[in-house]
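In case you want the letters, here they are:
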Amino acid sequence: MLVKDVVADALLALAVVVVLGSTLGVAVMEDAYQKLHYVGLATLVAPVLVALAVLVQKGYSENTTETWLALLFVVLSGPVLTHATARAAAIRERGNWRLLAGEGDPGPEETG
Amino acid sequence: MTGFVAASIAMLACTLPLGAVLWRGKLIEAVMALQVVGAVVVMVLIMLSEGFGRPGEFELAVVVAVLLLGSGLVFLRALERWL
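Residues numbered from 1 in each chain as written. Chains lettered and ligands numbered in written order. Predicted model: local features only at pLDDT ≥ 70, side-chain atom pairs only at ≥ 80, totals over all residues. Heavy atoms only, no water.

Here's the deal with the overall build of chain B
Counting secondary structure elements, chain B contains 4 helices and 0 strands. Mapped from its N terminus to its C terminus, chain B presents α and β elements in the order α-α-α-α. In terms of overall dimensions, chain B has a C-alpha envelope of 45 × 25 × 10 Å along the principal axes. Out of the 83 residues belonging to chain B, those deemed buried represent 47%. For chain B, restricting intrachain contacts to residue pairs at least 6 apart in sequence, the fraction spanning at least 24 positions comes to 56%. (Helix = DSSP H or I, 4+ residues; strand = E, 2+ residues; numbered from the N terminus. Buried < 20%, exposed > 50% of the residue type's maximum accessible area, 1.4 Å probe, protein only. Contact = heavy atoms within 4.5 Å.)

Section: the pattern of salt bridges
In total, this model carries 5 salt bridges over all chains according to the counting rule given. Here Glu50(B) ties to Lys58(A) by a salt bridge, and the two come within 3.5 Å at their closest N and O atoms. Within this pair, whereas Glu50(B) is found in helix H3 (residues 27-51), its partner Lys58(A) is found in helix H2 (residues 32-58), the two belonging to separate chains. Here Glu50(B) falls in the buried class, since its relative accessible area comes to 6%. Given a relative accessible area of 41%, Lys58(A) falls into the partly exposed group. (Salt bridge = Lys/Arg side-chain N within 4 Å of Asp/Glu carboxyl O.)

Brief notes about the interface of chain A and chain B
Taken residue by residue, the interface counts 48 residues in chain A and 41 residues in chain B. Buried surface at the junction of chain A and chain B, both sides included, amounts to about 3,900 Å², of which 75% is carbon and sulfur. Our count for the contact surface shared by chain A and chain B stands at 2 salt bridges. As a salt-bridge pair, Glu80(B) and Arg87(A) come within 2.8 Å of each other at their nearest N and O atoms. Viewed at the interface, chain B and chain A are joined by 5 residue pairs in polar contact (both at pLDDT 80 or more). When contributions to the side of chain A that touches chain B are tallied by element, the ones reaching two or more residues are helix H1 (3-28), H2, helix H3 (62-94) and helix H5 (108-111) of chain A. In terms of residue count, the dominant contributor to the side of chain A that touches chain B is H3(A) (18 residues). Partitioned by chemical class, the residues of the side of chain A that touches chain B number 30 nonpolar, 9 polar and 9 charged. (Buried area = accessible area lost by both parts, 1.4 Å probe. Polar contact = N/O pair within 3.5 Å; in protein donor to acceptor, adjacent residues only side chain to side chain. Nonpolar A, V, L, I, M, F, W, Y, C, P; charged D, E, K, R; others polar.)

Looking at the environment of Val66(B)
Residue and element names in this part refer to chain B. Within the element layout of this structure, Val 66 appears in helix H4 (residues 58-81). What makes Val 66 partly exposed here is its relative accessible area of 37%. Taking the C-alpha atoms as reference points, Val 66 and Val 42, 24 residues apart in sequence, are found 9.9 Å from one another.

Observations regarding the packing of H3(B) against H4(B)
Any two packed helices are characterised by how steeply their axes cross, that is the angle between the axes, and by the distance between the axes. Residues and elements named next belong to chain B. Where H3 contacts H4, the two axes come as close as 9 Å, and the packing angle between them is 175 degrees. Here H3 is positioned roughly antiparallel relative to H4, judged by the angle of their axes. The class makeup of the residues in the contact of H3 with H4 is 18 nonpolar, 3 polar and 1 charged. (Axes fitted to C-alpha atoms, helices over the stretch in contact; angles between N-to-C directions. Parallel < 35°, antiparallel > 145°, perpendicular 65-115°, else oblique.)

This is a description of form; function is not addressed.
What follows is the structure, given as structure tokens:
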């Protein structure tokens, strides 16, 4: 077994452990805002580890480029979705704060 | 079986706890679980393509990754306004 195989397998094992931590965190934590912290593990940390594993295994090739492209989308959309989720949770709990302040676009109450 | 195939099987197995969230959790928590599963699916598709040595299948992972953002935002917008 080559050194690069060992390194790639170690990175993959670490990615699996990170995903396990993420899913357990989402399952165990109490409310939505606490769960949200653990979503970031699976959408930010694990993809980078998988991308590094493919890079170590294959070097610079077509596979690596497409892997990095796919995981770049996952890493970029993670924070956007996390923010949008927190916003949706806040609006569902307390109503649209901009409406309460008398400006902004109509929330659920307005559209009926 | 290469490390990539084993890791993809293990990563899929890791998503089992999210089944409880999808089943028993509130709607907003179910959307969070969906986001985690979406990211895991992209990684699994990449690892399987790499593990089985089929470069043509990387495009599927890229398409799923692009659609993750759009579908997530549509879900959340619907949650804010109508659901």
